[in-house]
Number of protein chains: 2
Amino acid sequence: MSERPIIAVDAMGGDFGPSVLIPGALEASRTDDLKVLLVGDTERIKAVLATTDTKGADYDIVQADEVVLMNERPADVLRRKKKSSIQIGCNLVREKAADAVVSAGHSGAAVACGMFTIGRLHGVERPALCTILPTEKTPVVLLDAGANVDCRPYHLFQFGLMGDAFARDILNYESPRVSILSIGEEEGKGNSQVKEAYELLKMAKNLNFVGNAEGRDIYTGDKDVVVCDGFVGNIVVKTSEGLAMSLTNMLKKVFMSGALPMLGALLAKGAFKKFRRTIDYAEYGGAPLLGLKNLAIVCHGRSNSLAITNAVRMAGTFVRKQTVSKLAETILANEELTRFSRAL
Amino acid sequence: MSERPIIAVDAMGGDFGPSVLIPGALEASRTDDLKVLLVGDTERIKAVLATTDTKGADYDIVQADEVVLMNERPADVLRRKKKSSIQIGCNLVREKAADAVVSAGHSGAAVACGMFTIGRLHGVERPALCTILPTEKTPVVLLDAGANVDCRPYHLFQFGLMGDAFARDILNYESPRVSILSIGEEEGKGNSQVKEAYELLKMAKNLNFVGNAEGRDIYTGDKDVVVCDGFVGNIVVKTSEGLAMSLTNMLKKVFMSGALPMLGALLAKGAFKKFRRTIDYAEYGGAPLLGLKNLAIVCHGRSNSLAITNAVRMAGTFVRKQTVSKLAETILANEELTRFSRAL
């Protein structure tokens, strides 16, 4: 695709709303040569644009009459909120008026709209939410992070294939070390679902499957892709977020407990800032929902402008590199194995 | 029980062996008025005792001819290593020569020997490994941490009951806030197993069930007991360990990156030490295997002397308070509900 990618951005979602989302989207347009479609209430979008530097950014506004509330059930949004910003964003992708959509709104609704409005890629059983986590070395890709709560072994198998394609194409890993999350290093450890998925991953074509990963292996940087079901993945991601936050709070408390530590903290301020940046999810943008006909990226509700910019940038790269066709290829190459397992 | 509790200690297990385990056990005997039985190779134990301060400690040596290797399968240890230190430790408990057993050896083998040699408490479907984790406030109890990989809803239900009894009796929580780990706060969120267990917990007698906990709630200190299956629990505990370790390494790296941060770190040395102590698992001893006729405590392989001391102390408290009878009571009080769910 030599044309400039067009990315639809849900301008209404997120904890901080349009005033944070719109500058983030415009910045990506400016630096990465993309066009962004700002989807939402035209009046509110115009109000933000009036006080935002729009120079060098290529954008259009697409009206959305409805807003999704955080307590709505995803299925209800899908059925009843046809004019919500996330639905209209997904419609734009389905009708090829946009190449991808980015949302920081209701994640469950975004996943549901992505799955049903954009639709699954041929051969994909279940699209998976793919989180990029910082490690001591290079980032690791964990999927599924919450789109599929009850999974079958061949779902996990396809998550491995999609994670591999993503890590190759978007993170530029040459031969990603793909692993499956379990409770022991050795083959044969795990629950029945994981043990069966292990067998499939071992037989997969063109996959550097390195076996089980334990919880403690996620953040060392020695695996590139970690596969799990959406229940486990969601718990891993949220436990990690919570622990990092709590550790920071506990550290702050001890530093505030005396004059000497406080002076130490002051001197080390730059180091702390650097540290926080290393573990800041905003650096990684959002979580792509892999396995759709075109890309949807689901961002954290707490996303700041930088996170939106990076998510829109990732969407642009995804479109330019035609990562969807590579996903389709690896799914197709392993179709027999999937079908075999599904028939069991 | 007014008599002095007798705790069998597997003196051969753990990464650091007898020279760390034995001083730890003796210290608990000394400070908490307990008798310890040091189980293992008599010659090696005597060699350690010759260079250890034994003053004020009450101990005996119990010979064990065999040693469990880390790569052995738990079932094989159970069947073939009848004379291993962990098996003999559990035998001592079964034969009432000891009131409880503590091991830092092969965890899988310790769980298997605990379950089959000591045996389950009447009415308990599955014993659960109970981890105590530090939080921003008071410690939280998470179970099962890995004893049961594939669980049914009534197993999770009983984990909640046992976690509650433990938190009341050993952690002195008046009305523990018992929660179930899931992927959303609201009732109805989760996989099918969790949703069913939720219903049971809601109906339990004498239980302060507060609903779902998300991953991010574990470390805030707003829940006292978190219930999950052993697969999820093991992954949560190991992910947390790994993340805490990796964050520490990353923090060290940024502090070593310049003279100013290094000076800052030096000034804050005491604060860091205090922080490390807050999150040090050694403070919490080991993980009790709840639901046996008598207690087994499974310690981390990396346990230092302090961890062993605290584990043996916890075992002593457990015996003195007769926590096992309280576990039996709550299991019995909720027997109908368990039976009903099992029949579904």
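Here's what I pulled together on the structure shown here. What you see is a predicted model, and the numbers here were worked out from it, not measured in a lab.

**Digging into the overall build of chain A**
So, point 1. On a plain count of helices and strands, chain A comes out with 13 helices and eleven strands.
So, point 2. What you see for chain A is a C-alpha radius of gyration of 21 Å, in line with the 20 Å of a compact globule of 344 residues.
So, point 3. Viewed in the frame of its principal axes, chain A has a C-alpha envelope of about 60 × 60 × 40 Å.
So, point 4. Counting across all 344 residues of chain A, residues that qualify as buried make up 60%.
So, point 5. Contacts in chain A between residues far apart in sequence, at least 24 positions, make up 72% of those at least 6 positions apart.
So, point 6. Taken as a whole, chain A presents about 14,100 Å² of accessible surface, with 53% of it coming from carbon and sulfur.

**Considerations on the sheet that holds strand 1 (residues 6-10) of chain A**
Residue and element names in this part refer to chain A.
So, point 1. Ordered in space as 3-2-1-4-11-10-5-6-9-7-8, the eleven strands form an open sheet in which the pairing is mixed. Edge positions in the sheet fall to strand 3 (58-63) and strand 8 (209-213), since each has one partner strand and no second. This sheet shows a mean twist of 25° between the axes of neighbouring strands, independent of strand direction.
So, point 2. Here strand 5 (residues 128-133) runs beside strand 6 (residues 140-143); their pairing, made up of four bridges, is antiparallel. Bridge pairing in strand 6 links L133 to V140.
So, point 3. Contacts between helix 4 (residues 85-94) and the sheet are confined to strand 1, strand 2 (35-40), strand 3 and strand 4 (100-103), with strand 2 contributing the most and set at about 145° to the helix.

**Considering the relation of the copies chain B and chain A**
So, point 1. Each copy superposes on the other: chain B lies on chain A with an RMSD of 0.0 Å after a rotation of 180° and an axial shift of 0.0 Å. Look at the turn and shift together and you get a two-fold axis relating the two. Measuring from the rotation axis to each C-alpha of chain B, the shortest distance belongs to G264(B), at 1.8 Å.
So, point 2. The fraction of interface residues of chain B whose copies in chain A are also interface residues reaches 100%, indicating that both copies meet through the same surface.

**Comments concerning the interface of chain B and chain A**
How big an interface is tends to be stated in terms of the accessible area lost upon association of its parts.
So, point 1. The interface is formed by 50 residues belonging to chain B together with 50 residues belonging to chain A.
So, point 2. A buried area of about 4,700 Å², summed over both sides, lies between chain B and chain A, and 73% of it is on carbon and sulfur atoms.
So, point 3. Here chain B and chain A share four salt bridges between them.
So, point 4. Notably, a salt bridge pairs E241(A) with R216(B), separated by 3.7 Å at the nearest N-O pair.
So, point 5. There are ten residue pairs in polar contact (both at pLDDT 80 or more) connecting chain B and chain A.
So, point 6. Elements that contribute at least two residues to the side of chain B that touches chain A include exactly helix 7 (192-203), helix 8 (230-255), helix 9 (259-267) and helix 10 (269-278) of chain B.
So, point 7. Broken down by element, the residue count for the side of chain B that touches chain A peaks at 20 residues, all from helix 8 of chain B.

**Structural notes on the side chain of H155(B)**
So, point 1. Locating H155(B) in the fold gives a position in helix 6 (residues 153-169).
So, point 2. According to the relative accessible area criterion, H155(B) is buried, its value standing at 3%.

**Focus: the pairing of strand 7 (residues 178-181) of chain B**
Residue and element names in this part refer to chain B.
So, point 1. Across the two faces of strand 7 the burial is the same, with V178 and I180 and S179 and L181 all buried.
So, point 2. Relative to strand 8 (residues 209-213), strand 7 runs parallel, the two sharing three bridges. Paired with I180 across the strands is N212, a residue of strand 8.
So, point 3. As defined by bridge partners, strand 7 adjoins strand 9 (residues 225-227) across three bridges and the pair is classed as parallel. The partner of V178 across the bridge, within strand 9, is V225.

**Description of the sheet that holds strand 1 (residues 6-10) of chain B**
All names here are of chain B.
So, point 1. Overall, mixed pairing links the eleven strands, which are arranged 3-2-1-4-11-10-5-6-9-7-8 in an open sheet. At either margin of the open sheet sits one strand with a lone partner, and together these are strand 3 (58-63) and strand 8. Taking the axes of each pair of neighbouring strands and ignoring which way they run, one obtains an average angle of 25° across the sheet.
So, point 2. Strands strand 1, strand 2 (35-40), strand 3 and strand 4 (100-103) of the sheet are contacted by helix 4 (residues 85-94), whose axis makes an angle of about 145° with strand 2.

**A few points about empty space enclosed by the protein**
So, point 1. One pass over the structure, following the stated rule, counts five cavities of 30 Å³ or more.
So, point 2. Lining of the largest cavity is provided by L156(A), I180(A), L181(A), Q193(A), V194(A), V227(A), C228(A), D229(A), V232(A) and F231(B).
So, point 3. Listed by contribution, the elements that provide at least two residues to the lining of the largest cavity are strand 7 (178-181) and helix 7 (192-203) of chain A.
So, point 4. For the lining of the largest cavity, the residue count by class is eight nonpolar, one polar and one charged.

Calculation rules
Residues numbered from 1 in each chain as written. Chains lettered and ligands numbered in written order. Predicted model: local features only at pLDDT ≥ 70, side-chain atom pairs only at ≥ 80, totals over all residues. Heavy atoms only, no water. Helix = DSSP H or I, 4+ residues; strand = E, 2+ residues; numbered from the N terminus. Rg over C-alpha atoms; globule rule 2.2 N^0.38 Å. Buried < 20%, exposed > 50% of the residue type's maximum accessible area, 1.4 Å probe, protein only. Contact = heavy atoms within 4.5 Å. Areas by Shrake-Rupley, 256 points an atom, 1.4 Å probe, with all protein chains shown as cover. Pairing = 2+ DSSP bridges. Axes fitted to C-alpha atoms, helices over the stretch in contact; angles between N-to-C directions. Least-squares fit on C-alpha atoms with pLDDT ≥ 70 in both. Buried area = accessible area lost by both parts, 1.4 Å probe. Salt bridge = Lys/Arg side-chain N within 4 Å of Asp/Glu carboxyl O. Polar contact = N/O pair within 3.5 Å; in protein donor to acceptor, adjacent residues only side chain to side chain. 1 Å grid on protein atoms, 1.4 Å probe; cavity = no way out; pocket = protein on both sides within 12 Å on 5 of 7 lines; lining within 4 Å. Points joined across faces, edges and corners; volume = space filled by probe spheres on them. Nonpolar A, V, L, I, M, F, W, Y, C, P; charged D, E, K, R; others polar.

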